[in-house]
Amino acid sequence: MKTLTDYKEFFQKNRYVIIDDFLPEDDADTLYDYFSSKTSLWWDNCIYPDQDIEFPDYQLGLYKDDDSQLLSKREWLKNELDKHELVFTYRYKRKGFFEHHHNEPWHSKDDTHSLLYQFNENSLKQSLSYITGYDDLNLQTLFCSCYEDGDYNAIHKDSADGRRLAYVYHLTKEWQFMYGGLYMSYNPEQTQVKDVLIPRFNKMAIFDVVGDKTPHSVTQVANGVTNKRIALTGWYE
């Protein structure tokens, strides 16, 4: 069994680490059952960039599955992706829970599951500080992502708004390599793939996002895949 020191040594060398069995098994199963049972209309479909959004700083569109605009938005993103240019686009389902920026009060949604508060407990943040060397960590954002057939997240860096660590806690069972939805990290010039990670249940991926250290992406989920790639995702500042 790996120790915190083992994780610390790996992180210091690679600027990311995968923590096994992150939550107690019963808690992990409870969260898996909770999120995997949600209907499609519970989620928001992310479209980025959305040309109809009036805020140029972050043109994120959110659409429900029954929104008549969703199909045309996805078609536009497909055309952009087919250009094979290094342009940041993404589409996937998500549900936001916590927002905490620069010592402002916490904001949580009414339907936040009680187990999610573990991600802001001092004991967890102290362990992450020991592993990463970043002191006084605060949980900035937590949301749940759900990648299905056709969803992806193009290469990006996450190095904004005072973020120091990005995390992805996987709640996906029986995910296969051929499904896509793989986490990929790149060298700073984005010319070489450094690591490829397959989503594994109850594993926590943490990576350094200070100074654009870790360009990364989630590859497109293959057509016809019926499994859901579900994860809790966000940043510590």
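Residues numbered from 1 in each chain as written. Predicted model: local features only at pLDDT ≥ 70, side-chain atom pairs only at ≥ 80, totals over all residues. Heavy atoms only, no water.

A. Quick look at the pairing of strand β7 (residues 152-156). Of all five residues in β7, four are buried, a share of seventy percent or more. Bridge count between β7 and strand β12 (residues 216-218): two bridges; the pairing is antiparallel. Across the sheet, asparagine 153 pairs through a bridge with valine 218, a residue of β12. (Buried < 20%, exposed > 50% of the residue type's maximum accessible area, 1.4 Å probe, protein only. Helix = DSSP H or I, 4+ residues; strand = E, 2+ residues; numbered from the N terminus. Pairing = 2+ DSSP bridges.)

B. Expanded view of helix α4 (residues 122-132). Considered for burial, the residues of α4 that qualify are Leu124, Lys125, Leu128, Ser129, Ile131 and Thr132. Axial view of α4: buried residues confined to an arc of 165°, hence all on one face. Along α4, exposed side chains directed more than 90 degrees from the buried face belong to Asn122 and Gln126. The secondary structure elements touched by the buried residues of α4 are α1 (4-14), β1 (16-19), β6 (139-147), β8 (165-170), β11 (204-208) and β13 (229-236). Two residues or fewer past α4, glycine 133 is found with a positive phi of approximately 85°. (Arc of directions from axis to C-beta. Contact = heavy atoms within 4.5 Å.)

C. Region of interest: the pairing of β6. For β6, a buried count of nine out of nine residues is recorded, marking the element as mostly surrounded by other parts of the structure. Here β6 runs beside β13; their pairing, made up of eight bridges, is antiparallel. When the bridges of β13 are listed, phenylalanine 143 appears paired with threonine 233.

D. Fine view of the nonpolar core. In terms of nonpolar packing, the biggest core is built from 35 residues, with Phe35, Phe119, Tyr169 and Leu232 touching the most fellow members. Discounting residues that sit within four places of it in the chain, leucine 232 has contacts with Leu31, Phe35, Leu116, Phe119, Leu142, Phe143, Cys144, Tyr167, Val168, Tyr169 and Leu171. Of all hydrophobic cores here, the second largest spans 20 residues; its members include Tyr16, Cys46, Val225 and Ala231. (Core = buried A, V, L, I, M, F, W, Y, C linked by side-chain atoms within 4.5 Å.)

E. Region of the structure containing the environment of aspartate 67. Relative to the elements of secondary structure, aspartate 67 occurs in the loop between β3 (61-63) and α3 (70-81). For aspartate 67, a relative accessible area of 26% gives the class partly exposed. It is 37 Å that separates the C-alpha atoms of aspartate 67 and glutamate 121, two residues lying 54 residues apart in sequence. Separated by 2.8 Å, the side chain of aspartate 67 and the backbone nitrogen of glutamine 69 make a polar contact. (Polar contact = N/O pair within 3.5 Å; in protein donor to acceptor, adjacent residues only side chain to side chain.)

F. Expanded view of unusual backbone geometry. With omega at -5°, the peptide bond leading from tyrosine 48 into proline 49 counts as cis. With respect to the helices, strands and loops of the structure, proline 49 is situated in the loop between β2 (44-48) and β3. The phi dihedral of aspartate 136 is positive, around 55°, even though this residue is not glycine. Note that aspartate 136 resides in the loop between α4 and β6. For aspartate 158, which is not glycine, the phi dihedral falls at a positive 65°. By relative accessible area, which is 15% here, aspartate 158 ends up buried.

G. Spotlight on the pattern of salt bridges. Applying the stated criterion across every chain yields a total of 13 salt bridges. For the salt bridge of lysine 73 with aspartate 52, the shortest nitrogen-to-oxygen distance reads 2.4 Å. Remark: aspartate 52 occurs in the loop between β2 and β3 and lysine 73 occurs in helix α3; sequence separation between them is 21 residues. On the basis of relative accessibility, which here comes to 52%, the residue aspartate 52 falls in the exposed class. Here arginine 91 makes a salt bridge to aspartate 151, at a shortest N to O gap of 2.8 Å. Taken together, the residues span a long stretch of sequence, with arginine 91 in strand β4 (residues 90-99) and aspartate 151 in the loop between β6 and β7 at a distance of 60 residues. For the pair arginine 91 and aspartate 151, one class covers both residues: buried. Put simply, Asp50, Asp52 and Lys73 are held in one network by salt bridges that share partners. (Salt bridge = Lys/Arg side-chain N within 4 Å of Asp/Glu carboxyl O.)

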